[in-house]
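Chain residues, written in single-letter form:
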Amino acid sequence: MSRAMRIVPAVIATATLAAVLLMAAPAQAQFRLPNLDVNRLVDSVKNVSKAAKEIDEPEEIAIGRDVAARLLGAAPLASDARMQRYVNNVGRWLASQTERPDLPWQFGVLEAPELNAFAVPGGTIFITRGLLEKMSSEAELAGVLAHEIVHVLRKHHLKAIQKGALASLGGEAAALALKNTRSDARDKLVSFGTEMYARGLDKGDELEADRLGVVVAARAGYDAYGLPTVLQSLQAMNAQDSGLALMFKTHPAPAERLDALHAMQATLDRYSSQPQLTGRFATEVRAAR
Amino acid sequence: MRSFLLLFFLFPVISAAEPATVIRATELKREPATDAAPVAQLPEGTAVDALERKSGWTRVKAPAGEGWVKMLALRYGGPGAAKQGDSGVTQLFNVARTGSSGTQVTTGVRGLDDKQLANAQPNPGELAKMKGFAADRTAAAGFASKGKLSAVKVDYPAQ
């Protein structure tokens, strides 16, 4: 536990106190609270927003571990070990091309027929068997994993969990939940973090993950059109398909995402002749069926 | 019978003609390449049949002829035509899950929807198993080089 994280609850508690005191200003005057160091309180209030922005990496990883365990309670891993190792190799190679190459990256194929993928803070990525089997090349898999990797790089879910915790639990309990892994508040935080995958992120986060995901896949040497190809496959499916319900609820429509990727046309074309590895994908994934 | 079955399985791989619409004016090319000879200019809204995909290009049958267009210039579905049907995956699984009696039966496979996410309990055993499948950087680099993938420097787009 870093010093910064130990300080958070104290800072938030002080700030909460300060906020209560400020709201109760007339009462304060009435009861003449002694020795109130206003300057220190003002500093603490300033610090709370700063401190709330700083969940350090070990904390991020610990929160992610708890959320990942919940997601695996919703759907277990697909049983094929060869396919699981294959997806981990693709994912780790992609992650190695990013600004956070040494997170404890791990990738899991969930035994679920729906089409979806999830990024968990700290470097855990899930893809459903339903989505994997909709693909036809390693470049497509790389495109989807790269999109999820960007969510982790940019801490999209972590920030949403933190924001939600502050809003629903309040500053003090949120700080406790982020710090203390064995508390009721922590359970609430992790439940909230898990349910977030049913609510989705901001549209801007998703479109950013698409744009930067294209770059990460290109850096790893794949045909950059992997992600747009998957989006087009999804776009060609019936929007009412039950396997797409959760993904369509939590993401912008594929057509809108493809429109937004038009801005990446130059990058896409520049790296479009890199390998797609359809043969290796077929061997490693389709053989597992 | 045998050849019929074979055809049945090959069909999706060859990919059936899929109705699509050109969403912005684009050139129909003889080959899937920017410098390929043009076949025709397709105006926005042209209805085509998409035949196959090759990286950023899709081969289409247009009123003006056959050729390749930029993948991002195409959207599937005719103009305003919603696609009918369902892949059926989840229905199939739902039947397996509920059985004819409507009660939960154990199949080892469950769907993944918002209810399941809301009610999920931690599964530390699966988490431990997942860790066992993880690849380290060195192994992943070896895997990449086996696939003839080379890392290249590409900058993120300016925000």
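Residues numbered from 1 in each chain as written. Chains lettered and ligands numbered in written order. Predicted model: local features only at pLDDT ≥ 70, side-chain atom pairs only at ≥ 80, totals over all residues. Heavy atoms only, no water.

### Brief notes about the nonpolar core
The condition is simple: Residues belong to a common nonpolar core when they are buried Ala, Val, Leu, Ile, Met, Phe, Trp, Tyr or Cys residues joined through side-chain atoms within 4.5 Å. In this scheme, a residue with accessible area under 20% of its type's maximum is buried, one over 50% is exposed, and one in between is partly exposed, where area comes from a 1.4 Å probe on protein chains only. Segments assigned H or I by DSSP are reported as helices when at least four residues long, segments assigned E as strands when at least two residues long, and all are numbered from the N terminus. Any two residues whose heavy atoms approach within 4.5 Å at even a single point are treated as in contact.
Formed by 63 residues in total, the largest nonpolar core has its most connected members in Leu94, Ile127, Leu131, Leu132, Leu141 and Tyr222 of chain A. Here the element with the most residues in this core is helix H7 (residues 138-153) of chain A; it accounts for 10 residues. When neighbours within four sequence positions are excluded, Leu94 of chain A is seen to be in contact with Ala142, Leu145, Ala146, Ile149, Val216, Ala217, Ala220 and Tyr222 of chain A. Residues Ile161, Leu189 and Met196 of chain A together with Met130 of chain B belong to the second largest nonpolar core, which totals 34 residues.

### With respect to the confidence of the model for chain A
So the rule is basically this: On a range of 0 to 100, pLDDT expresses the predictor's confidence in each residue.
Mean pLDDT over chain A stands at 84; residues scoring 70 or higher make up 81%. Counting contacts from residues 17-34 of chain A, a segment whose pLDDT is below 50, to residues more than four positions away or on other chains yields eight contacts.

### Points about the pattern of salt bridges
Operational definition: We define a salt bridge as a side-chain nitrogen of Lys or Arg found within 4 Å of a carboxyl oxygen belonging to Asp or Glu.
According to the stated counting rule, one finds 19 salt bridges over all chains in the structure shown. Of the charged contacts in the structure, one is a salt bridge between Glu57 of chain A and Arg100 of chain A, with a shortest N-O distance of 3.4 Å. Within this pair, whereas Glu57 of chain A is found in helix H4 (residues 57-74), its partner Arg100 of chain A is found in the loop between helix H5 (81-95) and strand S1 (106-110), the two being separated by 43 residues in sequence. The buried category is assigned to Arg100 of chain A, whose relative accessible area is 11%. Residue Arg75 of chain B pairs with Asp259 of chain A through a salt bridge whose shortest N-O separation is 2.5 Å. Here the residue Arg75 of chain B occupies a position in strand S7 (residues 74-76), and Asp259 of chain A occupies one in helix H14 (residues 254-261), the pair thus bridging two chains. Judged by its relative accessible area of 41%, Asp259 of chain A falls in the partly exposed class. Each of Glu57, Glu60 and Arg100 of chain A takes part in salt bridges that share partners, so that together they form one network.

### Focus on the interface of chain B and chain A
Rules: What counts as buried area is the accessible surface, traced by a 1.4 Å probe, that two parts surrender upon association, with contributions from both included. Identification of polar contacts relies on pairs of N or O atoms within 3.5 Å, with a donor-acceptor requirement for protein atoms, meaning one able to donate a hydrogen and the other able to accept it, and with residues adjacent in sequence counted only if both atoms are side-chain atoms. For this classification, Asp, Glu, Lys and Arg are treated as charged, while Ala, Val, Leu, Ile, Met, Phe, Trp, Tyr, Cys and Pro are nonpolar and the rest, including Gly, are polar.
If you look at the interface, chain B gives 64 residues, while chain A gives 89 residues. Together, the buried faces of chain B and chain A total about 6,400 Å²; carbon and sulfur atoms form 60% of this surface. Inspection of the chain B/chain A interface yields four salt bridges. Along the contact surface separating chain B from chain A lie 20 residue pairs in polar contact (both at pLDDT 80 or more). Residue assignment for the side of chain B that touches chain A shows that the elements contributing at least two residues are S7, helix H2 (89-98), helix H3 (114-119), helix H4 (124-133) and helix H5 (137-146) of chain B. Class assignment for the residues of the side of chain B that touches chain A results in 29 nonpolar, 16 polar and 19 charged.

### Regarding the confidence of the model for chain B
All names here are of chain B. Model confidence for chain B is summarised by a mean pLDDT of 78, while 69% of its residues fall at 70 or above. Here H2 stands out as the element of chain B with the lowest mean pLDDT, 42, in contrast to H5, whose mean of 98 is the highest. Segment residues 4-14 is flagged for pLDDT under 50; beyond a separation of four residues in sequence, or across chains, it makes two contacts in the model. Contacts for the low-pLDDT stretch residues 90-109, under 50 throughout, to residues beyond four places or in other chains number 23 contacts. Interface scoring of the predicted complex returns ipTM 0.80; its pTM is 0.80.

### Describing the packing of aromatic side chains
Rules: Each Phe, Tyr or Trp ring (for Trp, its six-membered ring) is paired with any other whose centre lies within 6.5 Å, and the angle between the two planes then decides the class: stacked below 30 degrees, edge-to-face above 60, tilted in between. Ring-over charges, as used throughout, are those where CZ of Arg or NZ of Lys falls within 6 Å of the ring centre and within 35 degrees of the ring normal.
This model, assessed by the stated rule, comprises four aromatic pairs over all chains. A ring pair is formed by Trp105 of chain A and Phe107 of chain A, whose centres lie 6.3 Å apart and whose planes are at 15°; its orientation type is stacked. Among the aromatic residues, ring-to-ring pairing joins Tyr86 and Phe281 of chain A together with Phe143 of chain B into one connected group. We note Arg219 of chain A situated over the ring of Tyr156 of chain B; from NZ or CZ to the ring centre the distance is 4.2 Å. Note that Arg280 of chain A overlies the ring of Phe143 of chain B, its terminal NZ or CZ placed 3.6 Å from the centroid.

### Focus: helix H12 (residues 226-236) of chain A
In terms of burial, H12 of chain A is largely enclosed, as 11 of its 11 residues are buried. Turning to H12 of chain A, its buried residues are Gly226, Leu227, Pro228, Thr229, Val230, Leu231, Gln232, Ser233, Leu234, Gln235 and Ala236 of chain A.

### As for H5 of chain A
Residues and elements named next belong to chain A. How we decide: Expected span of a helix: the number of residues minus one, times 1.5 Å.
In this model H5 runs 21 Å from its N-terminal to its C-terminal C-alpha over 15 residues, within 8% of the 21 Å that 1.5 Å per residue would give. The element H5 is extensively covered by neighbouring structure, given that 12 of its 15 residues are classed as buried. All buried positions along H5 are accounted for by Met83, Gln84, Tyr86, Val87, Asn88, Asn89, Val90, Gly91, Arg92, Trp93, Leu94 and Ala95. Among the residues of H5, the N-terminal cap falls to Asp80, whose side-chain oxygen and the backbone nitrogen of Arg82 are separated by 3.3 Å.

### Focus: the environment of Gln162 of chain A
Structurally, Gln162 of chain A is set in helix H8 (residues 156-169). A sequence separation of 32 residues divides Gln162 of chain A from Gly130 of chain A, and the C-alpha atoms of the two residues are 30 Å apart.

### With respect to the packing of H4 of chain A against H4 of chain B
The test is simple: A fitted line through C-alpha atoms serves as each axis, taken over the contacting stretch for helices, and the angle formed by two N-to-C directions is quoted from 0 to 180°. Note that the term roughly parallel is reserved for angles under 35 degrees, roughly antiparallel for angles over 145, roughly perpendicular for angles of 65 to 115, and oblique for everything else.
Closest axis-to-axis distance for the H4 of chain A/H4 of chain B pair is 8 Å, and the angle between their directions is 110°. Taken together, the axes of H4 of chain A and H4 of chain B are roughly perpendicular relative to one another. Each of Arg65, Ala68, Ala69 and Leu72 of chain A in H4 of chain A lies in contact with H4 of chain B, whose residues at this interface are Glu126, Leu127 and Met130 of chain B. The class makeup of the residues in the contact of H4 of chain A with H4 of chain B is five nonpolar, no polar and two charged.

### Looking at unusual backbone geometry
The backbone of Leu277 of chain A shows a phi angle near 55°, a positive value even though the residue is not glycine. In this structure, Leu277 of chain A sits in the loop between helix H15 (265-270) and helix H16 (278-284). Residue Ser55 of chain B is not a glycine yet carries a positive backbone phi of 50°. Topologically, Ser55 of chain B is positioned in the loop between strand S4 (47-54) and strand S5 (57-62).

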